[in-house]
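Summary of structural features
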Amino acid sequence: MGRANCARHWRPPVIVSDRRRALGVLLVLAVVAVAGSLTIGSVPLHPGDVVSVLFGGGDELQRTLILDLRLPRTLSAFATGGLLAVAGALMQVLLRNPLADPYVLGLSGGAAVGALMAMLGGVAGWLVSGSAFAGAMLSTLLVFGLAHGSGSWTPARLLLTGVVVAAGWGALMTLLLAMAPTSRLPGMLYWLMGDLSHAGSPWPALAVLVVVCVLLFPLGRTLNVLARGHVQAAVLGVSVRPLEWLVYLLASLLTSVAVTTAGTVGFVGLVVPHMLRLLIGNDQRLILPACALAGGTLVLVADTVARVVIAPEQLPVGVITALMGVPTFLYLLYRSR
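Residues numbered from 1 in each chain as written. Predicted model: local features only at pLDDT ≥ 70, side-chain atom pairs only at ≥ 80, totals over all residues. Heavy atoms only, no water.

The name given to the protein chain in an unreviewed UniProt entry is FecCD family ABC transporter permease, with the source organism recorded as Marinobacter koreensis. Quoted verbatim from the Subcellular location (unreviewed entry) heading of the UniProt record, the comment on the protein chain is "Cell membrane". Under the UniProt heading Sequence similarities (unreviewed entry), the entry covering the protein chain gives this text: "Belongs to the binding-protein-dependent transport system permease family. FecCD subfamily." (UniProt positions renumbered as here; feature names shortened; annotations may be inferred.)

Shown next, in the form of structure tokens:
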């Protein structure tokens, strides 16, 4: 009888350790990607030289190359990937749809239009980020409002609405580019394709990523319940509508910060959460921090490839992520027929 009671009340003790092991592996991969980004380039560097510079040593040329050029770009790439992956995971929880993604649903397009309008208006700094946030939030409300209509949304209706809204934002981007001064046009075009070569300070984007992940961690269980459906969540005592608005706001904030940092980098929020669910399950307490690490690593690797594949010329990182994301999107669309 005692053995039966022990068997009935036993719980697998490896869940926490597996969670820590998964995050540990992703953290190691992120560190390796950061090291590769700092050492690989048109001017290769020895890892020892990089470590020396980071601790205050090295010659002037190495310090300029690492501290002024490569390190800000590396951190910006990591922050951009983490922001987009976490935003994609939130949208997929909210919509219970693995095809939901800030790029596919038009959030990135709305943020890009808002940022472009602010740039053409001559403003800078936090006003550009604020305009991008307003554009992303407007796009969110348009897509979800039009897709919902008088009934509930379906994956097909949501995707169709997102594609149409994204096409509308694309037309507005073309109009804004046609009105832009010729001297600023090449930089804007590269920025829209996802360019990190002119990324500014990475610290605001990293701070937003860390703060949002810390804010979401206590909500992991509630998001797990929401992922089962609105009705089930309401029955279990979850305040569904405030939680939905919180997810809307956070996804728009993450997307707008990513867009102002690196332009429109597509499909990261689609590929990363889907691959992680296949590998480590669908517990949001694990998925969200894992998305921050894996998304940052993915964009960082893509940016490193973009810098060296046709060196000394550089490709926009959005080209590399699109080459990975489009086949994944088509595969998921085929599976969800």
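Topic: the packing of helix H14 (residues 284-308) against helix H15 (residues 317-335)
Here H14 crosses H15 at 115°, and the two axes come no closer than 8 Å. In terms of crossing hand, the pair formed by H14 and H15 is right-handed. Where H14 approaches H15, its residues Leu 298, Val 299, Ala 302, Asp 303, Val 305 and Ala 306 are matched on the opposing element by Val 317, Ile 320, Thr 321 and Met 324. The residue inventory of the contact of H14 with H15, partitioned by class, reads 8 nonpolar, 1 polar and 1 charged. (Axes fitted to C-alpha atoms, helices over the stretch in contact; angles between N-to-C directions. Helix = DSSP H or I, 4+ residues; strand = E, 2+ residues; numbered from the N terminus. Left-handed = near helix turned anticlockwise from the far one by under 90°. Contact = heavy atoms within 4.5 Å. Nonpolar A, V, L, I, M, F, W, Y, C, P; charged D, E, K, R; others polar.)

Details of unusual backbone geometry
Although it is not a glycine, Phe 267 sits at a positive phi angle of roughly 70°. Looking at the element boundaries, Phe 267 is found in the loop between helix H12 (240-262) and helix H13 (268-280).

Observations regarding the pattern of salt bridges
Evaluation of the coordinates by the stated rule reveals 4 salt bridges. Taken together, the shared-partner salt bridges connect Arg 73, Asp 303 and Arg 307 into one network. (Salt bridge = Lys/Arg side-chain N within 4 Å of Asp/Glu carboxyl O.)

With respect to a nonpolar patch on the surface
Residues Val 301, Val 305, Val 309 and Ile 310 make up a contiguous nonpolar surface patch of about 300 Å² in total accessible area. Topologically, Ile 310 is positioned in the loop between H14 and H15. (Patch = residues over 30% accessible without salt bridge, like charges linked within 9 Å, V, L, I, M, F, W, Y side chains within 5 Å. Areas by Shrake-Rupley, 256 points an atom, 1.4 Å probe, with all protein chains shown as cover.)

Considerations on the packing of aromatic side chains
According to the stated counting rule, one finds 2 aromatic pairs in the structure shown. When the ring of Tyr 103 is compared with that of Phe 267, the centres are 5.1 Å apart and the planes differ by 50°; the resulting orientation is tilted. Of this pair, Tyr 103 sits in the loop between helix H4 (60-95) and helix H5 (107-120) while Phe 267 sits in the loop between H12 and H13, and the two are 164 residues apart along the sequence. Centroid distance Trp 245 to Tyr 248: 5.4 Å. Interplanar angle 90°. Geometry classified as edge-to-face. Taken as a pair, Trp 245 and Tyr 248 lie in helix H12 at a separation of 3 residues, close to a single helical turn. Among the residues examined, Trp 245 registers a relative accessible area of 38% and is labelled partly exposed. With relative accessibility at 7%, the residue Tyr 248 sits in the buried group. (Phe/Tyr/Trp six-rings, centres within 6.5 Å; stacked < 30°, edge-to-face > 60°. Buried < 20%, exposed > 50% of the residue type's maximum accessible area, 1.4 Å probe, protein only.)

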